[in-house]
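# A closer look at the structure
Below, each chain spelled out in residue letters.
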Amino acid sequence: MDALPIARLQFATTTSFHFLFVLLTLGLVTLVAVMQTRSAFGGKPELTRMTRFWGKLYVINYALGIVTGIVMEFQFGLTWTGLSAVAGDVFGAPLAIETLVAFFAESTFLGLWIFGFGRLNKGVHLALIWLVTLTAYASALFIMVANSFLQNPVGTHAENGVLKLDDFGALFTNPALTMSLPHVLSAALMTGGFFVVGVSAYHFIRRTKEIEFFRRSMRVGVLASLVGSTMVIGFGFAQFGPLGDYHPGKLESPDPLVGASLGFMIQFGFLAFLASILGTLLLFRNWITKVRPLLYVMVLAIPLPFVAAILGWLVREIGRQPWLIRGQLTTADAVASIPAGQILFSFIAFTLLFLVLAIADWVLMSRVAKRGPEPEEEPAGPQAETLVLSGV
């Protein structure tokens, strides 16, 4: 039994699962921050309730996403020891910074935001959600810095078979990063928008009494979807230009999965863009909540950006093969020298754990989403325990 395909499948599975959590987290926190900003500057009462409701869904997804991230990083030490041996000094630096940003700064600000409802000054509380948002974006930055190094190992030189870092700043001006980072962030914004629109549409299908609440939520989601999908397409095609990293070898990869993933990704991307344009037009005509067949389409469209994002990730990662670090380290040389059976065992264990986490995330979020916002007469600030455990 060959260890390489099992190790690659394990990495693809764990990172794909984690990426789905990250997309929704980045998208939702941005929209929650926008809602709270509008509420803080004299917005209508629904905006405060919107912040609380969509904030609950964000926190649930964030908490379970953190767990998937921790599990995913175990495989670097278990399966890809060759990567650590050759480029640990370079590849590990942005990952270490990301850990400090994500697990310490972002979590700290988020905890203060959760417990600060109704307790902190309105301006301080608003600053906290924007600090959460900025640290979430910083976390994405350092992850993409590390990944872009694998695509294009700039700022380094080889010494006795080990890559040494010459210029840390070069990692941040890497052509593999400059267009791909805004592409990922735009995809996250689009994902958050589609999610908010889909959940809002579900409540209109159920003929909710919270008409103003979900109409405003849908408006925010539709506009976020339009902005996100437009930027996704722009930054996506920019990666094929002089500022991007798509070398001819990547697009000419003999692996049929690359061509198929690229084609489907483009189709899904344009479909999401057209859906966002249609939603925007119907929104301003006040028809978007009145056409019931369209509401069902909105609910069914929630997975669209997730599928497109995974396909894009497959193009980026598989198109680099057979290199793990382009031109420096092959994927075959990076796999740990351990029996294939051990890798298979860890793959099965990780996959089962990720399935449990994904199901838990779906169950918790669906319960909170179906329940809808708290009644207007209830206290303004959610308690921390109900923010995470509501719906259990």
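These numbers were taken from a predicted model, which means no experiment stands behind them. (Residues numbered from 1 in each chain as written. Predicted model: local features only at pLDDT ≥ 70, side-chain atom pairs only at ≥ 80, totals over all residues. Heavy atoms only, no water.)

## Things to note about the pairing of strand β2 (residues 162-165)
In regular strands, side chains alternate between the two faces of the sheet. Summarising the sheet, strand β1 (residues 156-159) and β2 pair through four bridges and their orientation is antiparallel. Pairing of alanine 158 across the sheet is with leucine 163, part of β2. The antiparallel pairing of β1 with β2 creates a hairpin that spans two residues between the two strands, and asparagine 160 there sits at a positive phi of about 55°. (Pairing = 2+ DSSP bridges. Helix = DSSP H or I, 4+ residues; strand = E, 2+ residues; numbered from the N terminus.)

## Concerning helix α1 (residues 3-40)
Helix length check: α1 (38 residues) gives 55 Å between terminal C-alpha atoms against 56 Å at 1.5 Å per residue, within 8%. Counting buried positions along α1 gives 27 out of 38 residues, so the element sits mostly inside the fold. Two to three positions downstream of the cap, the backbone nitrogen of leucine 4 sits 3.2 Å from a side-chain oxygen, assigning the N-cap of α1 to aspartate 2. Glycine 42 occupies a position one or two residues after α1 and carries a positive phi of about 85°. (Expected span 1.5 Å × (residues − 1). Buried < 20%, exposed > 50% of the residue type's maximum accessible area, 1.4 Å probe, protein only. Polar contact = N/O pair within 3.5 Å; in protein donor to acceptor, adjacent residues only side chain to side chain.)

## Points about the nonpolar core
Of all hydrophobic cores here, the largest spans 108 residues; its most connected members are Trp54, Leu57, Leu83, Phe91, Trp113, Phe149 and Phe195. Considering every element that reaches this core, the biggest residue donor is helix α6 (residues 180-205), with 15 residues. Counting five residues, the second-largest nonpolar core is a separate cluster that includes Phe17, Val71, Met72 and Phe350. (Core = buried A, V, L, I, M, F, W, Y, C linked by side-chain atoms within 4.5 Å.)

## Some thoughts on the packing of aromatic side chains
Under the defined criterion, the tally for this structure stands at 13 aromatic pairs. Between the aromatic rings of phenylalanine 142 and phenylalanine 172, the centroid separation amounts to 5.9 Å while the plane-to-plane angle is 90°, which identifies the pairing as edge-to-face. With phenylalanine 142 in helix α4 (residues 122-151) and phenylalanine 172 in the loop between β2 and α5 (175-178), this pair connects stretches of sequence that are 30 residues apart. One aromatic cluster in this structure is built from Phe53, Trp54, Phe195, Phe213 and Phe214. (Phe/Tyr/Trp six-rings, centres within 6.5 Å; stacked < 30°, edge-to-face > 60°.)

## Some points on the environment of tyrosine 58
Structurally, the position occupied by tyrosine 58 is in helix α2 (residues 45-78). Placed 106 residues apart in sequence, tyrosine 58 and lysine 164 show a C-alpha to C-alpha distance of 39 Å.

## Some remarks on unusual backbone geometry
Among all residues save glycine, negative phi is the norm, and among peptide bonds the norm is trans. Between glutamine 321 and the following residue, proline 322, the backbone shows a cis peptide bond with an omega angle of 15°. For proline 322, the location among the structural elements is in the loop between α11 (304-318) and β3 (323-325). Its identity is not glycine, yet asparagine 160 carries a phi of approximately 55°, on the positive side. Residue asparagine 160 is classed as exposed on the basis of its relative accessible area of 77%.

## Examining a nonpolar patch on the surface
A contiguous nonpolar surface patch, about 370 Å² in accessible area, is contributed by Ile348, Leu352, Leu355 and Ile359. Tracing the backbone through its elements, the reader meets isoleucine 348 in helix α13 (residues 340-371). (Patch = residues over 30% accessible without salt bridge, like charges linked within 9 Å, V, L, I, M, F, W, Y side chains within 5 Å. Areas by Shrake-Rupley, 256 points an atom, 1.4 Å probe, with all protein chains shown as cover. Salt bridge = Lys/Arg side-chain N within 4 Å of Asp/Glu carboxyl O.)

## A short note on the side chain of serine 180
Locating serine 180 in the fold gives a position in helix α6. Serine 180 gets classed as buried once you look at its relative accessible area, which sits at 3%. Those residues in contact with serine 180 that lie beyond four places of it in its chain are Met144, Ser148, Gln239 and Arg316. (Contact = heavy atoms within 4.5 Å.)

## Considerations on the confidence of the model for the chain
Do not read the predicted coordinates in detail wherever pLDDT is low. For the chain, mean pLDDT is 85; residues scoring 70 or higher make up 91% of the total. This stretch, residues 378-392, has a pLDDT under 50; its non-local contacts, to residues over four places away or in other chains, come to 31 contacts. (pLDDT = per-residue confidence, 0-100.)

## Structural notes on the pattern of salt bridges
Tallying each qualifying case throughout the model produces seven salt bridges. Glutamate 212 is the partner of arginine 215 in a salt bridge, and the nearest nitrogen-oxygen pair spans 3.5 Å. Of the two residues, arginine 215 and glutamate 212 both sit in helix α7 (residues 211-238), three residues apart, roughly one turn of that helix. For arginine 215, a relative accessible area of 28% gives the class partly exposed.

## Overview of the packing of α2 against helix α3 (residues 81-116)
In contact at an axis separation of 12 Å, α2 and α3 are set at 155° when each is read in the N-to-C sense. With respect to their mutual orientation, α2 and α3 come out roughly antiparallel. Taken as a pair, α2 and α3 cross one another with a handedness that is left-handed. Here the contact of α2 with α3 is built from residues that sort into 13 nonpolar, seven polar and three charged. (Axes fitted to C-alpha atoms, helices over the stretch in contact; angles between N-to-C directions. Parallel < 35°, antiparallel > 145°, perpendicular 65-115°, else oblique. Left-handed = near helix turned anticlockwise from the far one by under 90°. Nonpolar A, V, L, I, M, F, W, Y, C, P; charged D, E, K, R; others polar.)

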